[in-house]
Each structure stands twice: as structure tokens, then as C-alpha cells.
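Architecture at a glance
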Amino acid sequence: MHINFVIYFKIHVNLSKLVKSVGAIYIKPCKEFIMVLRLEGVKKSFRNSEELVPVLQGVSFDLEAGHTLALRGESGSGKSTLLHIAGALEAADAGRVWVSGKELSQLDDGARAQLRRTDIALVFQQFNLIPSLTVAANIAFQSALSGTPDLGHIKQIVSSLGLLEQMQKYPEALSGGQQQRVAIARAIAAKPKLMLADEPTGNLDEATAENVLDQMLKLVAQTGTALMIVTHSKNIAARMNRQLHLCNGFLV
Ligand SMILES: Nc1ncnc2c1ncn2[C@@H]1O[C@H](COP(=O)(O)OP(=O)(O)OP(=O)(O)O)[C@@H](O)[C@H]1O
Ligand SMILES: [Mg+2]
């Protein structure tokens, strides 16, 4: 007990000295880096036979590290489009998007792909599992791309999401809800700075959906991930720090 206290005290005092000596220099960059996602005046239209149909007409918002945001809106209102733009998968027609302080339009394809690997995890509406890989390989895949997989962390997620018995199966042998949980496990395992989840509980019963959300919020609390969820569920939206509604191309 005494030794623990001495060690704690020494570390604490040394850290205090370090913080005081470098604090003045580093406070500003740290504050700026807290903003994980920023959209400013984002517009997007799609061509529908002859006419150009506007989907996003000037969308702006910020999402900080460790914060959570629910995006709601009618089917076809542009929620997935917005998520794909925030996840650097699709380019906006106008406006600017920053992820981890980097403006996406200023990055070349290689740098954008690198940012997606290291900082962003997307849970797609259609899951996007790799059919030729087992569940275990699917889950470890993104973590392996972004660095060294944390096997202890992965094991804990797999167990918490009830996927232990599915690890050696291929995606085609899983139910829709099981595939959805694998996609979520893959995203959580990567410990991203930004997690974008498109209706991540759409195929799950209420209890499983609550559990999935608990795991996501645990990640947010433990690692400061910024989380944005598209959901139709009022219960899930109510557990986020903030709710935004997409309506006629604008956030309300
Ligand atoms: N690649 C595309 N080409 C043409 N139109 C598209 C494309 N992607 C989306 N759209 C159109 O943009 C609109 C918004 O689509 P989006 O998928 O973003 O809606 P959503 O809010 O996610 O809907 P849902 O709740 O049903 O998933 C729709 O009218 C859709 O048809
Ligand atoms: Mg959608």
C-alpha cells in the first residue's frame, strides 16, 4: 500500500512538472485537435435520369472527441449520403469536410484512403463483410490495417456481442442480426477516432440493440471516439449527446 502510494506520488509529481513545463506550448494544438469531424455548407445532388436532385443543400455541424450524435430523418432524406461524405467515401459537390483536422478535399486519394484506415470506422447499412473471410478474420481485418490489433480488446468485444460461437463461420452462414454484430465488432475493434454507424441496430431485437449500444458507448468513454449514429429509434437517439434531423436537405 505504502509502496503503491510512493510510486503514485512520484508519477503524479513528475507528470505535474511535465504538464506545467510543456502545457503552455501544447494547449492550443490539443484544443484544435479535439474536433474530430466538421462539416461546413456541404451540398450533394444526384442525377436522376434528366434532372439533378438535391439531397444535401448546405449541411454544417461539428462533432468532438468523446461526443455522440444521432442523425434522424425520413427514408431517402440523405442520411447515408451524409455518412459516406463524412467517412471520406464520397465527395461533396460543395462545402468542406474535416476529419481529425484534415480537410478531405485537400488530400489525394492515397492520403484519404490512409485516413479512412487509421481514423475512421464505418458500419454500413448493408454490413459490407468480406465473404471470403471468416468472422474472426473479418473482425481483425480493419484493426490489422490500422495498426497492431489489440487481441484482448477484440476478445472482450466478441464475447460481449455474443459472437464467440460464430468466429470460424463465413458471413453467408450468419443471420442478418449476426452479420450486423460482426460489422459492429469490426468497427469497435479498430478503436477509431471517428465511428459512423448507419442504422447499426436495425436488424436487432431490443435487448441486443441495447447491448450493442452499450459497447459503442463504452468505446467512446474509454478511447474518446467520436460517434455518429443514423437511427430511426427514439430510444437510441435519446442516449446520444445530441440529435440532428435531416429534412429537405437541411439539418433541423
Ligand atoms: N449513388 C446514387 N445515385 C443516385 N441517387 C442516389 C445515390 N445515392 C443516393 N441517392 C438518392 O439520394 C437520396 C438519399 O439517399 P440516402 O441513401 O442517403 O437516404 P437515407 O436517408 O439513408 O434513406 P434510408 O433511411 O432509406 O436508408 C435518395 O433519393 C436516393 O435515391
Ligand atoms: Mg440510408
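None of these values were measured; they are calculated from a predicted model.

**Considering the sheet that holds strand 6 (residues 120-123)**
Spatially, the six strands line up as an open sheet ordered 6-7-8-3-9-10, and their pairing is mixed. The sheet is open, and its two edges are formed by strand 6 and strand 10 (250-251), each paired on a single side. Pairing of strand 6 with strand 7 (residues 194-198), which is carried by four bridges, proceeds in the parallel orientation. Bridging from a neighbouring strand, L122 pairs with L196 of strand 7. Contacting strand 6 and strand 7, helix 6 (residues 176-189) crosses the sheet at an angle of about 170° to strand 6.

**Comments concerning the sheet that holds strand 2 (residues 51-64)**
Pairing is antiparallel across the open sheet formed by four strands, whose spatial order is 2-1-4-5. With partners counted over all chains shown, the strands left at the sheet margins are strand 2 and strand 5 (102-103), one partner each. For strand 4 (residues 94-99) and strand 5, the ladder comprises two bridges, and the chain directions are antiparallel. Within the sheet, the bridge partner assigned to W98 lies in strand 5 and is E103. Docked against the sheet, helix 2 (residues 79-86) engages strand 1 (35-48), strand 2 and strand 4, running at close to 125° with respect to strand 1.

**A look at helix 2**
Turn by turn, an α-helix covers 3.6 residues, leaving residues three or four places apart pointing in a common direction. Buried residues dominate helix 2, accounting for six of its eight residues. K79, T81, L82, L83, I85 and A86 are the residues of helix 2 that are buried. Once helix 2 finishes, A88 follows within two positions and takes phi at roughly 60°, a positive value.

**Quick notes on the confidence of the model for the chain**
A low pLDDT means the predicted coordinates there should not be read in detail. Looking at the chain as a whole, its pLDDT mean stands at 88, while 87% of the residues score no less than 70. Scored below 50 in pLDDT, residues 1-13 shows zero contacts in the model against residues more than four places distant or in partner chains.

**Re the site of ligand 1**
Residues in contact with ligand 1, as listed here, are F46, V55, G73, S75, G76, S77, G78, K79, S80, T81 and Q125. Of all the elements, helix 2 adds the most residues to the shell around ligand 1, at three residues. By residue class, the composition of the shell around ligand 1 is two nonpolar, eight polar and one charged.

**Brief notes about the environment of L217**
Relative to the helices and strands, L217 is located in helix 7 (residues 206-223). Assessed through the 15 C-beta atoms surrounding it within 10 Å, L217 is described here as partly exposed. On a C-alpha basis, the gap between L217 and M240 in space is 9.0 Å, while along the polypeptide they are 23 residues apart.

Quick notes on the rules
Residues numbered from 1 in each chain as written. Chains lettered and ligands numbered in written order. Predicted model: local features only at pLDDT ≥ 70, side-chain atom pairs only at ≥ 80, totals over all residues. Pairing = 2+ DSSP bridges. Helix = DSSP H or I, 4+ residues; strand = E, 2+ residues; numbered from the N terminus. Contact = placed C-beta atoms within 7 Å. Axes fitted to C-alpha atoms, helices over the stretch in contact; angles between N-to-C directions. Buried ≥ 20, exposed ≤ 12 C-beta atoms within 10 Å, placed from the backbone. pLDDT = per-residue confidence, 0-100. Near = placed C-beta within 6 Å. Nonpolar A, V, L, I, M, F, W, Y, C, P; charged D, E, K, R; others polar.

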